[in-house]
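Secondary and tertiary structure notes
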Amino acid sequence: MHATTYLADYRPFPFALERVSLRFRLAPEATRVQAELHLTPREAGAALVLDGEELKLIALAIDGADLKPADYLLTETGLTIHPAALPEGAFTLTTEVEIAPALNTALEGLYMSNGMYCTQCEAEGFRKITFYPDRPDVMARFHVRIESDLPVLLSNGNPVAQGAGFAEWDDPWPKPAYLFALVAGDLVATSGSFTTMSGREVALNIWVRPGDEDRCGFALGALQRSMGWDERTYGREYDLHIFNIVAVDDFNMGAMENKGLNIFNSKLVLASPETATDLDYERIEAVIAHEYFHNWTGNRITCRDWFQLCLKEGLTVFRDQSFTADMRLGAVKRIEDVITLRGRQFREDAGPLSHPPRPDHYREINNFYTATVYEKGAEVVGMLKTLVGPEGYRAALDLYFARHDGQACTIEDWIKVFEDSSGRDLTQFKRWYTDAGTPHLKVAERFENGTYTLDFTQETAATPGQAEKPARLIPIAVGLLGPNGDEVVPTQVLEMTEARQSFTFEGLGARPVPSILRGFSAPVVLERETSPAEQAFLLAHDSDPFNRWEAGRALALSTLCAMAQGGAPGGEYLDAVGRLIADETAEPAFRALCLRLPGEDEVAQALASAGAVPDPDAIHAARRKLMETLANRHEAALAATYAACAVPGPYTPDAAPSGLRSLRLACLAPLSAIDGGARAQALFDSATNMTESLGALNQLIALGKAEGPLASFRARWENNRLVMDKWFMAQAALTPPAAAVARAEALAADPLFDWKNPNRFRSLLGGLSANHAGFHRADGAGYRFYADWLIRLDPMNPQTAARMSTAFETWARYDTARQALMRGELTRIAAQPGLSRDLSEMTARLLG
C-alpha cells in the first residue's frame, strides 16, 4: 500500500532551485533527458532527495564531477544524494536519464499519441521525465532544448532559438514542475493574435493534426474572448509573447494549463456544426477559458502542496463559470452549474468518498481531482463574493495578486486577503474548506401580527474521518412574495452562524411565500415542508430564476418519487408545466431546463434521503410514464413549441439559437413517448447539425427503434473519432435497461472500441453507468461487466481506471442484494494482484 501523505507533515524543500536547463533528444523507446539544476542549500546537512520513477540513470554529476555509487541511493521512487557528497554553497546538479515515451500507456510524464510526443505532468508526472523535487512549492525558471526531426517542437515560455532538428524555449516566469510541457509532432496551426491592454501583441496558435484544422476557429475565438474578459473583469494581462494550445487524442484529463503551452483533450478543441453539439461548443469555450485563467490563478500563484488544490481549481472554476455566464445567459448557466454540483458533488458527499475541499491526508493525489475540489471549491469562492460584495471581492483579488504573485500559497493565505481587505473575521467560514459533507438546512416559519419569522437549523452528517461538524457560516439569500405573486421583500442575504438561528421580517400585510436560497447562495440541502400548490406558485411568480426553476424541479421530483413508490402523476405538476410551455416571456433555454425531468439517479438519491430504498426499475418506469402522461396532457402545446423552435438559416453556436434548439429537443422527448419516434426519425433524417442529429438519435435509442439510424450514423462518421465517441456513449446510456448490458458487451467487441483511448473507454463505461436501471440490473450483470473492464484497464492506465470506479460510490443506497453484488465486485477488484495504488486506494475508500 502506498504510504499516506499528511498535511501536518509539510516541510519546505531544504534547497532553493533557481534555474533548470533541460535537453531532450527524442526517440520513441530511448529518449535521453539531460537536466541541469542550479541549487543552493537552505539547511545545513540536508540530503538532496529527488523524485524519479521509471527512469534509467545514465549520468550523475555535481559541478561537472561524476558522483560515485557511495554518494547516492537510487530506488524505484527516487534519488537521494547524501549530505557528504554535497557542496556547502550553490552548486549545479547534472543528470542524464533514458525514458521510453512509446511504452508509456499511463499517459503521465512524456508519452506518445498517434506519433506525437506530449506531456502530462500534473500532479506527479514530471518525476517520470527526470529526477526532480516534484512538488508544487519548488518554483524555478526553465530553459528547454528539444532535438528531433519532427517539424513542430514546442515547450513553455517564449521561443528563443530554432534550426534544423532543434528548438529552444525559455520561460522567464518561475513555475513548479507540474506545469512543464513539451510537444513534438507533425502539426498544423490555426493562428491569430491578441493585443493586450498595455499594447503588446501576443501570437496565438491552435495546433492540431493535419486534417483537423478546419475545426479550430471557435477555439481560437474562445481564447481571444477569454483574454479580453480577464483583463476587463480581473485586470489580468497575459505575460508572454506567445500562447499555444495543442489538441491531443490520448489524454486522461480535459485539459492542462501548462505555462504558455496548454495541452487539451481534442474533444475540447475541435468543433464544427456537423460534428459538435451546442453543449460541446459551450464546453469548449468554458474549458479554454478555465485553462487560460489558470495563468494567474494557478501558474503565477500556485499551491504550496497538493492539499491546497482547491485554491487554484475552485477559484478558476468560479472564474470560468462567471465568464460563461457573461458570454451566454447567466441565469441558465447558474442552474446548469447547480445541476452538475448536485449530480456529482452532492452524490460524492453522500457516500464513502466524501472529503473536504482541502483534505488533510491522501495516498494517491490523482484521486482527489474531484467534484468537491472543483465544483464545491467554486461554490465556496462564490459565497465569499456574496459575503463581501462585488467591490469587496475585486479588492480582495487585487490584493491576492499583488501580495502573492510568484508564490506557492495556502488556503490560509487566500482567506487572509479577504480578511485584510474587508475587515471581516472569516475563521468560521474557513470550515467550508476543512469540513466534509453537505449541510442540511431545515426551515420552519411563523407569521403573527405582520411579523414573519424564519427559523433555521443547520446540520451536517458525519463523514469518513469526521464525526463532529460545528456550525458553518451560511449566506442565505431570501426574498418574500405576496399572495398575488408580487415581491414584497427583495433579496436579502441572511448570515447564519449558529446551529439554530431565526430571522424576522416586520410590517407585512399578509403571510408571504418565502423564496429561500435564491441563486443557490450556498451549497446546502434545503429542507422545508411545502405543498405542490406553493411550488407551482413559485414556478409561476418567483422573480429569482434559480428558485423559479427549483420550484418546478422539486415538484417534478416529488411527483417521480411518488410514482416510483406506486403513486399517480400529480395534477399540480402537469398544470404547472402546461403554463410554462405557454410562457413565451421566459427564455427558451430556461423553459427547456424546466421541461427536462430529473434524472433517474437524482430520483434515487431523493428516495434514499427520505429513508426509502430506491428501486431502479420502478424509477425508470415512473420516469417513462410521467413523460408519456405529460405528452398526452399537452401534446398540442408541445408540438406547437417544437415547430416554432426550428432555427432558420446557417448554424451558429450562440446563446439564442442554442436556446431554441434546447427547447425544441426538450419538447421532442415527451412527444417521442407518444408518437412512436416519428418526429425524432424525421428530425434525424433532416438535421443539418450535430445537436439535432444526436438529439433525435437519442430519442430513437431510448425507444429501441434506432438500428437503422445508428447504422447510417456510423457509416457517415466512423472515421471521426470524436463523433464516434458520441455513438458509443449514446447507446450505452440510453438503450432500454433490459438490453443495456448486452448492448455494452457488443460495443466492447466492436473493432472501433479502442479501450486504451481514455475518451473511448469513458464513452462506453461512463455511458453504461449513466444508464441507471441498466447498470443496476438486479442480477449484477452491469456490475460484473464494469468491474471486468476496470481490472483490464488498471495495468495500462491507473488514473482513468481509478476515476471510473466512482460508479460504485452509491452502493449503500440500494437494496441488500444489490449492495452485496456491488461490494462483491469491489472486493474482487481489490484482490487483484499488482493493483495500482490509484485503484487500490479507491476500492479501499469505496468499501469503507
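A brief report on the enclosed structure follows. (Residues numbered from 1 in each chain as written. Predicted model: local features only at pLDDT ≥ 70, side-chain atom pairs only at ≥ 80, totals over all residues. Heavy atoms only, no water.)

Looking only at helices and strands, the chain features 26 helices and 31 strands. The C-alpha radius of gyration computed for the chain amounts to 28 Å, which stays within 12% of the reference 29 Å derived for 848 residues, consistent with globular compactness. Sequence separation of at least 24 residues holds for 71% of the intrachain contacts in the chain that already meet a minimum separation of 6. Side chains of the chain carry 82 positive and 110 negative charges; the gap between the two charge centres is 2 Å. (Helix = DSSP H or I, 4+ residues; strand = E, 2+ residues; numbered from the N terminus. Rg over C-alpha atoms; globule rule 2.2 N^0.38 Å. Contact = heavy atoms within 4.5 Å. Lys, Arg positive; Asp, Glu negative; His and termini not counted. Charge placed at Lys NZ, Arg CZ, Asp CG, Glu CD.)

This part is about the side chain of Arg236. Secondary-structure assignment places Arg236 in the loop between helix H1 (217-234) and strand E19 (242-248). There is a polar contact of 3.2 Å between the side chain of Arg236 and the backbone oxygen of Tyr234. Contacts of Arg236, omitting those with residues within four sequence positions, involve Met197, Asp230, Glu231, Trp296, Asp398 and Phe401. (Polar contact = N/O pair within 3.5 Å; in protein donor to acceptor, adjacent residues only side chain to side chain.)

With that settled, consider the sheet that holds strand E17 (residues 188-195). One open sheet holds the five strands; their spatial order is E17-E18-E19-E21-E20, and the pairing between them is mixed. Only two strands of the sheet have a single neighbouring strand rather than two, namely E17 and strand E20 (255-256). Relative to strand E18 (residues 201-208), E17 runs antiparallel, the two being bridged by eight bridges. In the sheet register, Thr190 faces E18, and the bridge partner there is Ile206. Strand contacts of helix H2 (residues 278-293): E19, E20 and strand E21 (261-265), with the helix running at about 150 degrees to E21, the strand carrying the most contacts. (Pairing = 2+ DSSP bridges. Axes fitted to C-alpha atoms, helices over the stretch in contact; angles between N-to-C directions.)

Right, let's talk about H2 for a bit. The end-to-end C-alpha distance of H2 is 23 Å, a good match for the 22 Å that 16 residues give at a rise of 1.5 Å each. Of all 16 residues in H2, 14 are buried; the element is thus mostly enclosed. (Expected span 1.5 Å × (residues − 1). Buried < 20%, exposed > 50% of the residue type's maximum accessible area, 1.4 Å probe, protein only.)

For helix H13 (residues 616-633), spanning 18 residues, the distance from its first C-alpha to its last is 26 Å, which sits close to the expected 26 Å at 1.5 Å a residue. Buried within H13 we find Pro616, Ile619, Ala622, Leu626, Met627, Thr629, Leu630 and Ala631. The backbone nitrogen of Asp617 has a side-chain oxygen 3.0 Å away, supplied by the residue at the start of H13, namely Asp615.

Enumeration over the complete set of coordinates arrives at 66 salt bridges. Its salt-bridge partner being Lys430, residue Glu412 comes within 2.6 Å of it at the nearest N-O pair. Taken together, the positions of Glu412 in helix H6 (residues 411-422) and Lys430 in the loop between H6 and helix H7 (431-434) put the pair 18 residues apart, joining distant regions of the chain. By relative accessible area, Glu412 is classed as partly exposed at 32%. The closest approach of N and O atoms between Arg828 and Asp788, which form a salt bridge, is 2.8 Å. You can see Arg828 sitting in helix H25 (residues 816-830) and its partner Asp788 sitting in helix H23 (residues 781-793), a full 40 residues away along the chain. Taking relative accessible area as the criterion, Asp788 reaches 40% and is therefore assigned partly exposed. (Salt bridge = Lys/Arg side-chain N within 4 Å of Asp/Glu carboxyl O.)

For the rest of this paragraph, the subject is the sheet that holds strand E27 (residues 474-481). Note on sheets: strands pair through backbone hydrogen bonds, and any given pair is parallel or antiparallel. On the basis of which strands lie adjacent, the open sheet formed by three strands has the order E28-E27-E30 and antiparallel pairing. In the strand order of this sheet, the two ends are held by strand E28 (487-496) and strand E30 (513-516), each with one partner. The mean inter-strand angle of the sheet, taken between neighbouring strand axes irrespective of direction, is 25 degrees. The pairing of E27 with E30 spans four bridges and is classified as antiparallel. Bridge pairing links Leu481 to Val513 in E30.

Turning our attention to the state of the cysteines. Counted according to the given criterion, the structure contains zero disulfides. The structure places no disulfide on Cys561, whose sulfur is separated from the nearest cysteine sulfur, that of Cys594, by 18 Å. Sulfur of Cys645: no disulfide; nearest cysteine sulfur belongs to Cys667 and is 6.1 Å away. On the accessibility criterion, Cys645 (4% relative accessible area) is buried. (Disulfide = S-S within 2.5 Å.)

Let us now look at the packing of aromatic side chains. The final tally for this structure, using the stated rule, is 44 aromatic pairs. Considering the side-chain rings of Trp229 and Phe323, the 5.7 Å spacing of their centres and the 80 degrees angle between planes classify their relative orientation as edge-to-face. You can see Trp229 sitting in helix H1 and its partner Phe323 sitting in helix H3 (residues 309-327), a full 94 residues away along the chain. Comparing Trp229 with Phe323, the two get one shared label, buried. Its end group placed over the ring of Trp432, Arg472 keeps NZ or CZ at 4.7 Å from the ring centre. Directly above the ring of Tyr642 sits Arg664, whose terminal nitrogen or CZ lies 4.3 Å from the centroid. (Phe/Tyr/Trp six-rings, centres within 6.5 Å; stacked < 30°, edge-to-face > 60°. Lys NZ or Arg CZ within 6 Å of the ring centre and 35° of its normal.)

This part is about the environment of Phe218. In this structure, Phe218 sits in helix H1. Among the residues examined, Phe218 registers a relative accessible area of 16% and is labelled buried. As a C-alpha pair, Phe218 and Val269 span 51 residues in sequence and 8.1 Å in three-dimensional space.

Let us now look at the packing of helix H4 (residues 330-349) against helix H5 (residues 371-404). Look at H4 against H5: their axes get within 10 Å of each other, and the N-to-C directions meet at 135 degrees. On the basis of their axis angle, the class for H4 and H5 is oblique. Two packed elements cross with a definite hand, and for H4 against H5 that hand is left-handed. Mapping the contact onto sequence places Arg334, Thr340, Leu341, Arg344, Gln345, Glu348 and Asp349 in H4 and Ala371, Thr372, Glu375, Lys376 and Glu379 in H5. Taken together, the residues of the contact of H4 with H5 sort by class into two nonpolar, three polar and seven charged. (Parallel < 35°, antiparallel > 145°, perpendicular 65-115°, else oblique. Left-handed = near helix turned anticlockwise from the far one by under 90°. Nonpolar A, V, L, I, M, F, W, Y, C, P; charged D, E, K, R; others polar.)

A few words now on the side chain of Thr457. Looking at the secondary structure, you find Thr457 in strand E26 (residues 451-459). Engagement of the side chain of Thr457 in a polar contact is seen with the side chain of Arg500, the distance being 3.4 Å. With sequence-adjacent residues up to four places away left out, Thr457 is seen in contact with His440, Leu441, Lys442, Met496, Ala499 and Arg500.

Counting through the fold element by element, Arg679 comes out in helix H16 (residues 678-686). Judged by its relative accessible area of 23%, Arg679 is partly exposed. Once you skip the residues sitting within four places of it in the chain, Arg679 turns out to touch Glu635, Ala639, Tyr642, Leu668 and Leu671.

The N-to-C vectors of helix H9 (residues 545-564) and helix H10 (residues 571-582) enclose an angle of 145 degrees; their axes lie 9 Å apart at closest approach. For the pair H9 and H10, the sense of crossing is left-handed. In this structure, H9 contributes Arg548, Gly552, Leu555, Ala556 and Thr559 to the contact, and H10 contributes Glu572, Tyr573, Ala576 and Leu580. When the residues that make up the contact of H9 with H10 are grouped by side-chain class, the tally is five nonpolar, two polar and two charged.

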